Amino acid sequence: MSDSLADFSPSLQHIFKELLQFDTVSRNPNIALIRFIESYLNELGIDSQLIMNDEKTKANLYARLVPQTEGGVMLSGHTDVVPVDGQNWTVDPFKLTELDGKCYGRGSADMKGFIACVLESVPRFKESNLRLPLHLAFSYDEEIGCLGVRSLIEHINSSPEKPTMCIVGEPTNMEPVYGHKGKVAMRCNVHGHPCHSAYAPQGVNAIEYAAKLVNKLTDLAEPLKEQQDERFDPPYSTLQTGVIKGGTALNIVPEHCHFDLEMRYLPQADHSASLNALQDYAKNTLEPKMQSVNANTGIQFEVLASYPPLLTDPQSDFAQWVANWSNSQNFGTVAFGTEGGLFDEAGVATIVCGPGSMEQGHKPDEFVSVEQLKSCHHMLENLRDWMSE
Ligand SMILES: [Zn+2]
């Protein structure tokens, strides 16, 4: 017989069902889901602070359980999910469907399952005699570049009772993760000068200049392999082009070309050196050549998204505790980014550990197993025991 979520915990099933039915794809408001959490906590006598976006359509939620002392542990997750457009779902993505010990729905693994487990555990934390505060932090716009959490971190930084430790419940199969690379995504816009292709030397070919930059980027990626850290896969920083667009017709020297590049860097790497070298090459080598033909040409770079790397010492007390609570000694790193890098940067020791797998995250028929939700429940119970010793 397979596991049933209702048999395990009707309240967990109820909360999970509620969370999944909010369509919190990043482009949509998340405020209805946040209001649901706020009123749930309110009924338990816990105040929430909402940190809204300018349009008041999206919010982070931050709450804190006694005692009023410094430190404590924060449980954190993002409330937004990736779109389902163009994906072939066999179940309704915005409804909990339970089948053979698996709970299906958009965000079930990434990462409403974790948030449901956290909320379900709050009444027990509330009844316990906690010696350390428990902090709850739920963000928006993680999937589009860890944007929402930045105002949440400012809020936490400005409060006198900042947590010292954080568990980010991204799906890791409940195995503690102590690190991931940082990322910078950029767009390079090359503005040339058009003319009929028969007179090509009178124009400035945007595609050809973009190609020189792409080549330069390939050259800059090569020495990055020299600095290695075997804990990451691949064990060095990478730099690559993912998209290129330019030109309108073969008989016109192209005026515009842009390409998107991405750097994923080791925590100890100086990522700005490579990106600066690329921009120096554009400014000092290519632009003077372009502008000698036509002054109204040039190259601009813009940052599309970025997040810092995460690296917490796996031998640290906190990392070891999380390993105990999650009943897993399988420490590792992951290829995807999390908000953990930003918490780490803010001085909060962070470990990523949550139910489900990124094998299912972002895919059609995303699911989390009941077994994984049970493991998460046990980790939170162990944390509660430790905090109320
Ligand atoms: Zn996620």
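All figures in this text were calculated on a predicted structure; none of them were measured in a lab.

Procedures and definitions
Each residue is numbered by its place in its chain's sequence as written, counting from 1. Only residues with pLDDT of at least 70 get local features here, since the model is predicted, and only at 80 or more are side-chain atom pairs given and counted; chain-wide, interface and lining totals rely on the full set of residues. To obtain the side-chain values, all non-hydrogen atoms of the structure were used and water was disregarded. Think of a salt bridge as a Lys or Arg side-chain nitrogen and an Asp or Glu carboxyl oxygen that are within 4 Å of each other. Secondary structure follows DSSP: runs of H or I at least 4 residues long count as helices, runs of E at least 2 residues long count as strands, and numbering of each begins at the N terminus. Residue burial is assigned from relative accessible area. The probe radius is 1.4 Å, only protein chains are included, and a residue is buried under 20% of its type maximum, exposed over 50%, and partly exposed in between. Coordination partners: N, O, S within 2.8 Å of the metal, 3.2 Å for Na, K and Ca; water not considered, so apparent gaps in a site are possible. Square planar and octahedral assignments, for four and six donors respectively, both demand that opposite donors be over 155 degrees apart and that all other angles lie between 65 and 115; tetrahedral needs four donors with all angles between 85 and 135 degrees, and anything else is irregular. Note: two strands are recorded as paired if DSSP finds a minimum of 2 bridges between them. Angular values range over 0 to 180 degrees, each being the angle between N-to-C directions of two axes fitted as lines to C-alpha atoms, with helices fitted over their stretch in contact. In this scheme Phe, Tyr and Trp rings, the latter by its six-membered ring, pair at centre separations within 6.5 Å, and the angle between planes marks the pair as stacked below 30 degrees, edge-to-face above 60, and tilted otherwise. Only Lys NZ and Arg CZ are tested; either one counts as a charge over a ring when it is within 6 Å of the ring centre and within 35 degrees of the ring normal. Here, nonpolar core refers to any group of buried Ala, Val, Leu, Ile, Met, Phe, Trp, Tyr and Cys residues whose side-chain atoms link them within 4.5 Å. The contact criterion used is simple: two residues touch if any of their non-hydrogen atoms lie within 4.5 Å. Domain limits in this description derive from either an automatic procedure or a database domain assignment. In this description, buried area is defined as the sum, over both parts, of the accessible area (probe of 1.4 Å) that is lost when the two are combined. N or O atoms closer than or at 3.5 Å make up a polar contact, with two conditions inside protein: a donor-capable atom paired with an acceptor-capable one, and, for residues adjacent in sequence, both atoms drawn from side chains. The convention is simple: Lys and Arg are positive, Asp and Glu are negative, and His and the chain ends are not counted.

Caption draft 1: Quick peek at the pattern of salt bridges. Counted according to the given criterion, the structure contains twelve salt bridges. Arg27 is the partner of Asp85 in a salt bridge, and the nearest nitrogen-oxygen pair spans 3.2 Å. Of this pair, Asp85 sits in the loop between β3 (73-78) and β4 (97-99) while Arg27 sits in the loop between α2 (10-21) and α3 (31-43); the two residues are 58 residues apart in sequence, bridging distant segments of the chain. With respect to class, Asp85 is no different from Arg27; both count as exposed. As a salt-bridge pair, Arg106 and Glu366 come within 2.5 Å of each other at their nearest N and O atoms.

Caption draft 2: Up close: the coordination of the zinc ion. With distances of 1.9 to 2.6 Å, the protein atoms coordinating the zinc ion are His78 (NE2), Asp110 (OD), Glu170 (OE) and Glu170 (OE). Around the zinc ion sit four donor atoms; with metal-centred angles ranging over 55 to 138°, the donor geometry is irregular. We note that the donor set of the zinc ion lies within a single chain, spaced as H-x31-D-x59-E. In this pair, His78 sits in strand β3 while Glu170 sits in the loop between β7 (165-168) and β8 (177-180), placing the two residues 92 residues apart along the sequence.

Caption draft 3: The arrangement of the sheet that holds strand β16 (residues 367-369) in detail. Strands sit in the order β4-β5-β16 across an open sheet of three strands; the sheet is antiparallel. Sheet topology places β4 and β16 at the edges, where each strand pairs with a single neighbour. Between one strand axis and the next, the sheet turns through 25° on average, direction left out of account. Relative to β16, strand β5 (residues 102-104) is paired through three bridges, and the arrangement is antiparallel. Looking at the pairing, Lys102 lines up with Ser369 of β16.

Caption draft 4: Seen up close, the packing of aromatic side chains. According to the stated counting rule, one finds seven aromatic pairs in the structure shown. Ring centres of Phe22 and Phe36 lie 6.0 Å apart, and the angle between their planes is 45°; this geometry places the pair in the tilted category. A residue pair is termed long-range when its members are at least 10 positions apart, and Phe22 in the loop between α2 and α3 and Phe36 in helix α3 qualify at 14 residues. The pair Phe22 / Phe36 is uniform in exposure class, with both members buried. A connected cluster of aromatic rings, assembled from ring pairs, spans Phe318, Trp321, Trp325 and Trp386. Over the face of the ring belonging to Trp386 we find Arg131, whose NZ or CZ atom lies 4.6 Å from the ring centre. Above the face of the Tyr209 ring, Lys212 is positioned so that its terminal group lies 5.7 Å from the ring centre.

Caption draft 5: Summary view of the nonpolar core. Counting 55 residues, the largest nonpolar core has Ile37, Leu41 and Leu383 as its most contacted members. Ranked by the residues each element gives to this core, the list is headed by helix α4 (residues 108-127), at nine residues. Those residues in contact with Leu383 that sit more than four places away from it in its chain are Val73, Leu75, Phe125, Leu134 and Trp325. In this structure, Leu217, Leu224, Leu239 and Leu266 belong to the second largest nonpolar core, which totals 29 residues.

Caption draft 6: View of the domain arrangement of the protein. Taken domain by domain, the protein holds domain 1 (5-180 + 309-387) and domain 2 (182-307). For domain 1 versus domain 2, the distance between C-alpha centres works out to 37 Å. With both chains or domains summed, domain 1 and domain 2 bury close to 940 Å², and 62% of this area falls on carbon and sulfur atoms. Summed over the three residues of domain 1 that lose the most area to domain 2, namely Pro309, Leu311 and Thr333, the buried surface amounts to 45% of that side. Applying the counting rule to domain 1 against domain 2 returns zero salt bridges. Applying the counting rule to domain 1 against domain 2 returns three residue pairs in polar contact (both at pLDDT 80 or more). For the side of domain 1 that touches domain 2, the secondary-structure elements that each account for two or more residues are β8 and β13 (310-311). Of the residues forming the side of domain 1 that touches domain 2, the biggest block, three residues, is contributed by β8.

Caption draft 7: Highlighting the side chain of Glu170. Of the side chains bearing the opposite charge, Arg106 lies closest to the buried Glu170, which forms no salt bridge; the N-O distance is 11 Å. Beyond its immediate stretch of four places on either side in the chain, Glu170 contacts His78, Asp110, Met111, Glu142, Phe336, Thr338, Val352, Cys353, Gly354 and Met358.

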